[in-house]
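In case you want the letters, here they are:
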Amino acid sequence: MVAPPDDDMLWARSVSYAYRGSPALTGVSLGVREGEVLVVSGPRGSGKTTLLACLSAQLPPDEGEVWFGGVPVHSLTRLGRERLRREHFGWIDTQPRLVPELTVWENVALPLMLRGIPRRAARTTAREWLERLDVGGEERQRPAALLQAQRQRVTIARALAAGPRVLFADEPTAPLHRADRGQVLRTLTAAARSHGISVILATHDSEAAPMADRTVSLLDGRRVGTIPAADVEGRDTCSVSA
Ligand SMILES: Nc1ncnc2c1ncn2[C@@H]1O[C@H](COP(=O)(O)OP(=O)(O)OP(=O)(O)O)[C@@H](O)[C@H]1O
């Protein structure tokens, strides 16, 4: 087993995955550094969701290795993978998945309370994140009363409030209007950067690339390229680990 590079917090080597014999991912390798925003792009069916699922310990790869820090994710038991996801990873889906019976702030506070954080402290943290995501005014509403873009902001607030080391976002802006997409992506990446959270963002959205440190492209389940950001929001060019 080859040890992962020191500067990559999440690292995959030659990962392959097939659904009932049909290859979805073939020999994909990549590394993600702490606080890095990595976009995974590619056409429909190119393997973006499957790659995120393998990296986030949802799917054990058929072949290859995934490491998180010093942890060999590929050889964890199912329970070990669940714990890793709960404690260190966040996930944002295309469709906001909020609990309809709970208010907005309760939705954001729920993962914290499930970890044993007292209700009052969880509410304070939830409010702070809702403010940062520009939906603080909606904290007492139920999700159904919100616009789609607001619901997605609440979902992002919930994922970030839990303090993940890595946030996986699978086409988080796909259902939004064009005007909302850039704003939601900017808020997501800025909030993650300010807290040193790594983001792995699968998207077709061309607006995402300029906000990323790197873009990795997939085609037919294989990695076909890496594009470093020339100058992301005024910062210097980022070094690239292939
Ligand atoms: N649950 C599944 N069962 C069988 N095949 C699947 C399943 N999920 C994905 N696939 C297939 O695996 C391949 C990669 O799919 P994947 O969803 O990872 O790609 P994607 O780039 O995320 O696509 P999209 O942009 O449409 O979400 C595709 O050929 C897809 O049809």
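Cut-offs applied
Position numbers for residues start from 1 in each chain and track the written sequence from start to end. Side-chain atom pairs in this predicted model are given and counted only at pLDDT of 80 or more, local residue features only at pLDDT of at least 70, and totals for whole chains, interfaces and linings cover all residues. Put simply, DSSP marks the helices as runs of H or I at least four residues long and the strands as runs of E at least two long, and each gets a number from the N terminus on. For every residue, the other C-beta atoms within 10 Å of its own C-beta are counted; 20 or more classify it as buried, 12 or fewer as exposed, and values in between as partly exposed. C-beta atoms are placed from the backbone. Two residues form a contact once the distance between their C-beta atoms, set from the backbone, is within 7 Å. Interaxial angles span 0 to 180 degrees and are taken between N-to-C directions of axes, which are lines fitted to C-alpha atoms, for helices over the stretch in contact. When describing relative orientation, an angle under 35 degrees is termed roughly parallel and one over 145 degrees roughly antiparallel, while 65 to 115 degrees is termed roughly perpendicular and anything else oblique. Left-handed describes a crossing whose near helix is turned anticlockwise from the far helix through less than a right angle; right-handed describes the clockwise counterpart. Just so you know the grouping, Ala, Val, Leu, Ile, Met, Phe, Trp, Tyr, Cys and Pro go in nonpolar, Asp, Glu, Lys and Arg go in charged, and all remaining residues, Gly too, go in polar. Nearness rests on one distance test: the residue's C-beta atom, set from the backbone, must lie within 6 Å of the molecule or strand. At least two bridges found by DSSP between two strands is the condition for calling them paired. The nonpolar core criterion groups buried Ala, Val, Leu, Ile, Met, Phe, Trp, Tyr and Cys residues into a set whenever they are joined through C-beta atoms within 7 Å.

### Section: the overall build of the protein chain
Right, so step 1: From N to C terminus, the protein chain includes 6 helices and 10 strands.
Right, so step 2: Projected onto its principal axes, the C-alpha coordinates of the protein chain cover approximately 50 × 40 × 35 Å.
Right, so step 3: Per-residue burial over the protein chain gives 43% buried out of 242 residues.
Right, so step 4: In the protein chain, the share of contacts with a sequence separation of at least 24, taken over all contacts with a separation of at least 6, comes to 65%.

### Some details on unusual backbone geometry
Right, so step 1: Positive phi values are uncommon outside glycine, yet alanine 57 reaches one of about 65°.
Right, so step 2: Turning to its location among the elements, alanine 57 is positioned in the loop between α1 (48-55) and β4 (63-68).
Right, so step 3: Alanine 57 gets classed as buried once you count the C-beta atoms within 10 Å, which come to 22.
Right, so step 4: Not every positive phi belongs to a glycine, and aspartate 134 is a case in point at roughly 60°.
Right, so step 5: Turning to its location among the elements, aspartate 134 is positioned in the loop between α4 (119-132) and α5 (148-161).
Right, so step 6: Overall, the presence of 15 C-beta atoms within 10 Å leaves aspartate 134 in the partly exposed class.

### Some words on the packing of helix α3 (residues 104-114) against α4
Right, so step 1: Interhelical geometry of α3 versus α4 gives an angle of 125° and a closest axis separation of 8 Å. Our classification of the angle between α3 and α4 gives oblique. Crossing hand, α3 versus α4: right-handed. Contacts between α3 and α4 involve Val104, Trp105, Val108, Ala109, Leu112 and Met113 on the former and, on the latter, Arg119, Ala122, Arg123, Thr125, Ala126, Arg127, Trp129 and Leu130.
Right, so step 2: Partitioning the contact of α3 with α4 into residue classes produces 10 nonpolar, 1 polar and 3 charged.

### Some details on the site of the ligand
Right, so step 1: Neighbouring the ligand are Tyr19, Ala24, Gly42, Arg44, Gly45, Ser46, Gly47, Lys48, Thr49 and Thr50.
Right, so step 2: If one sorts the elements of the shell around the ligand by residue count, α1 sits on top with 3 residues.
Right, so step 3: Across the shell around the ligand, the residue classes tally to 2 nonpolar, 6 polar and 2 charged.

### Structural notes on the sheet that holds strand β1 (residues 10-19)
Right, so step 1: Pairing within the open sheet is antiparallel, and its 4 strands lie in the order β2-β1-β4-β5. The open sheet has two edge strands, β2 (22-32) and β5 (71-72), and neither has a second partner.

### Considering the environment of leucine 76
Right, so step 1: The residue leucine 76 is located in the loop between β5 and α2 (78-88) in this model.
Right, so step 2: C-alpha separation for the pair leucine 76 and glycine 136, spaced 60 residues apart in sequence, amounts to 39 Å.
Right, so step 3: Among all residues touching leucine 76, those that are not within four sequence positions of it are Ala57, Arg81 and Leu84.

### With respect to the nonpolar core
Right, so step 1: Counting 66 residues, the largest nonpolar core has Val40, Val108, Ala157, Leu167 and Ile200 as the members making the most contacts within it.
Right, so step 2: Ranked by residue count, the leading element in this core is α5, at 7 residues.
Right, so step 3: Sequence-distant contacts of alanine 157, defined by excluding residues within four places in its chain, comprise Val108, Trp129, Leu130, Leu133 and Val135.

### Details of the environment of arginine 127
Right, so step 1: Structurally, the position occupied by arginine 127 is in helix α4.
Right, so step 2: Here the alpha-carbon distance between arginine 127 and alanine 157, two residues 30 residues apart in the chain, equals 9.2 Å.
Right, so step 3: Residues contacting arginine 127, with those up to four places away along its chain left out, are Trp105, Gly136 and Glu139.

### Topic: the packing of α5 against helix α6 (residues 178-194)
Pairs of packed helices are described in terms of their axes, by the angle between the two and the distance that separates them.
Right, so step 1: Taken N-terminus to C-terminus, the directions of α5 and α6 make an angle of 10°; their axes are 11 Å apart at the nearest point. Relative to α6, the element α5 lies roughly parallel. Taking contact as the criterion, the partners of Ala149, Gln152, Arg153, Ile156 and Leu160 in α5 are, on α6, Asp180, Val184, Thr187, Leu188, Ala191 and Ala192.
Right, so step 2: Among the residues forming the contact of α5 with α6, the class breakdown is 7 nonpolar, 2 polar and 2 charged.

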